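Now for the letters of each chain:
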Amino acid sequence: MRIGIIGYGNIGNLITSNIISFKLFNLENIHISNRNLSKLDDLKKQFPKINITDSNIEISSICDIIIISTEPSEFFDVLNEIKHSLKKNVHIIYTCAGIDFKEISPIYEGNLTCLIPSIASFPNNNVKNGVSLFVHSKNTSFENKEFIEGIFSHFSYIKTLDNFNDLEIATILTSCSPAFFSLIVKIISKKASEVSNFSYYESMDFILKTINSSALLIQDNLLNNDEIIKKVATEKGITQEGLDYIENNFNNFNDDLFNILIKKFNKVEK
């Protein structure tokens, strides 16, 4: 079984790193193509058995699984380029949330999966992290679904969805949110360092340790969200003042954020 990854940007790097870290394929059965081969120099030096090329057709002619991890605007060019050289029963997986199967069917109608991984799944001491989202086409065999989900289940949690509407929301929650949380932590840490003797990094460390610990309380069913709020906040106290402010101001912000992001899905450049 050979796996090919077309495009070695952030997502291609993430997937490749996990495949190598968890030893999910023999190195000689991993094939990666990228227009700029210099981006793969370090990878090739570290793992010389991995097959590196700038030819997408070379990938498509020998691989049983092909993950296309290009920009949405490049996806159809790649698919049209490789469609005549694909192996029989190949499983094509793509990482563009804004493209659905109806748009792809005139070009390819075989085993097809839309995959949305998360940067939260970046290799970390062989621990399972983040959520990988899957939507499979009706033509995708049970064996292909089971195999690719099994691969990703080694390093991430798996959620299989039935439609692209749910994929939009799930993408916001799992794939976009690490960036959103990082920005919020950055802004709060910066402000805390400006009004105290703590450095930016000390402030960020306080926040991250608290977020991680609080999340574990909820995830392990030790406390739910409402119980944490009740235990921390006291009437007319500092926490309650902050909670009131957030509740009064965040709902509109949250509505606007989701509306903007959902509209963006419908305007993905293809």
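It should be emphasised that the depicted structure is a prediction, and the values quoted were computed from it without experimental measurement.

1. What to know about the sheet that holds strand β8 (residues 157–161)
Two orientations exist for strands paired in a sheet by backbone hydrogen bonds: parallel and antiparallel. In spatial order, the strands read β3-β2-β1-β4-β5-β6-β7-β8; together these eight strands make up an open sheet with mixed pairing. In this open sheet, the two edge strands, each paired with only one partner strand, are β3 (51–53) and β8. Recorded for the sheet is a direction-independent mean angle of 20 degrees between the axes of neighbouring strands. In the packing of helix α1 (residues 10–21) onto the sheet, the strands contacted are β1 (3–6), β2 (30–33), β4 (65–68) and β6 (111–116), and the crossing angle to β1 comes to about 155 degrees.

2. Focus on unusual backbone geometry
Phi at Lys23 is positive, roughly 55 degrees, even though this residue is not glycine. Exposure remark for Lys23: the relative accessible area of 72% places this residue in the exposed category. The phi dihedral of Asn89 is positive, around 65 degrees, even though this residue is not glycine. The topology assignment puts Asn89 in the loop between α4 (72–82) and β5 (91–94). The class of Asn89 is exposed, set by a relative accessible area of 59%.

3. Notes on helix α8 (residues 200–219)
Since the α-helix packs 3.6 residues into each turn, any two residues three or four apart lie on the same face. Helix length check: α8, at 20 residues, gives a terminal C-alpha distance of 28 Å against a target of 28 Å (1.5 Å per residue), a fit within 8%. Directly after α8, the chain includes Asn221, whose backbone phi takes a positive value near 60 degrees.

4. Section: the packing of helix α7 (residues 164–194) against α8
It is the contact of α7 with α8, at a shortest axis distance of 8 Å, that shows an interaxial angle of 130 degrees. Between α7 and α8, the interaxial angle falls into the category oblique. Our pair here, α7 against α8, has a crossing hand that is right-handed. Across the interface between the two elements, Val185, Lys186, Ile188, Ser189, Lys190, Ala192 and Ser193 from α7 touch Tyr200, Ser203, Met204, Ile207, Leu208 and Ile211 from α8. In terms of residue class, the contact of α7 with α8 is made up of eight nonpolar, three polar and two charged.

5. Some thoughts on the packing of aromatic side chains
Applying the stated criterion across every chain, the model contains 11 aromatic pairs. Considering the side-chain rings of Phe22 and Phe155, the 6.1 Å spacing of their centres and the 45 degrees angle between planes classify their relative orientation as tilted. With Phe22 in the loop between α1 and β2 and Phe155 in the loop between α6 (142–153) and β8, this pair connects stretches of sequence that are 133 residues apart. Across the pair, exposure class does not vary: Phe22 and Phe155 are buried alike.

6. Remarks on the confidence of the model for the protein
The share of residues in the protein with pLDDT of 70 or more is 99%, and the mean pLDDT across the chain is 94. At the level of individual helices and strands, the protein shows its lowest average pLDDT in helix α10 (residues 238–265), which scores 91, and its highest in β4, which scores 98.

Calculation notes
- Residue numbers here run from 1 along each chain, matching the order of that chain's written sequence.
- Local features in this predicted model are restricted to residues of pLDDT 70 or higher, and side-chain atom pairs are both shown and tallied only at a pLDDT of 80 or more, whereas totals for entire chains, interfaces and linings draw on every residue.
- Side-chain measures here rest on the full set of heavy atoms in the structure, leaving out hydrogens and waters.
- Here the rule is simple: two strands pair whenever DSSP picks up at least two bridges between them.
- Only runs of H or I of at least four residues qualify as helices and only runs of E of at least two qualify as strands under DSSP, and these elements are numbered from the N terminus.
- For helices, the axis comes from a line fit to the C-alpha atoms of the stretch in contact; other axes are also lines fit to C-alpha atoms, and the angle between any two N-to-C directions lies between 0 and 180 degrees.
- Residues count as neighbours in contact if any of their non-hydrogen atoms are within 4.5 Å of one another.
- Under the scheme applied here, a residue whose accessible area is under 20% of the maximum for its type counts as buried, over 50% as exposed, and between as partly exposed, the area being computed with a 1.4 Å probe on protein chains only.
- For a helix, the expected span equals 1.5 Å multiplied by the number of residues minus one.
- Oblique is the label for any angle not under 35 degrees, not over 145, and not in the 65 to 115 range, which are roughly parallel, roughly antiparallel and roughly perpendicular in turn.
- Should the near helix be turned anticlockwise from the far one by less than a right angle, the crossing is termed left-handed; should it be turned clockwise, right-handed.
- Polar here means any residue outside two lists: the nonpolar Ala, Val, Leu, Ile, Met, Phe, Trp, Tyr, Cys and Pro, and the charged Asp, Glu, Lys and Arg; Gly therefore counts as polar.
- Aromatic pairing here means that ring centres of Phe, Tyr or Trp (its six-membered ring) are within 6.5 Å. Orientation follows from the plane angle: under 30 degrees is stacked, over 60 is edge-to-face, and everything else is tilted.
- The predictor attaches a confidence to each residue, called pLDDT, with possible values from 0 through 100.

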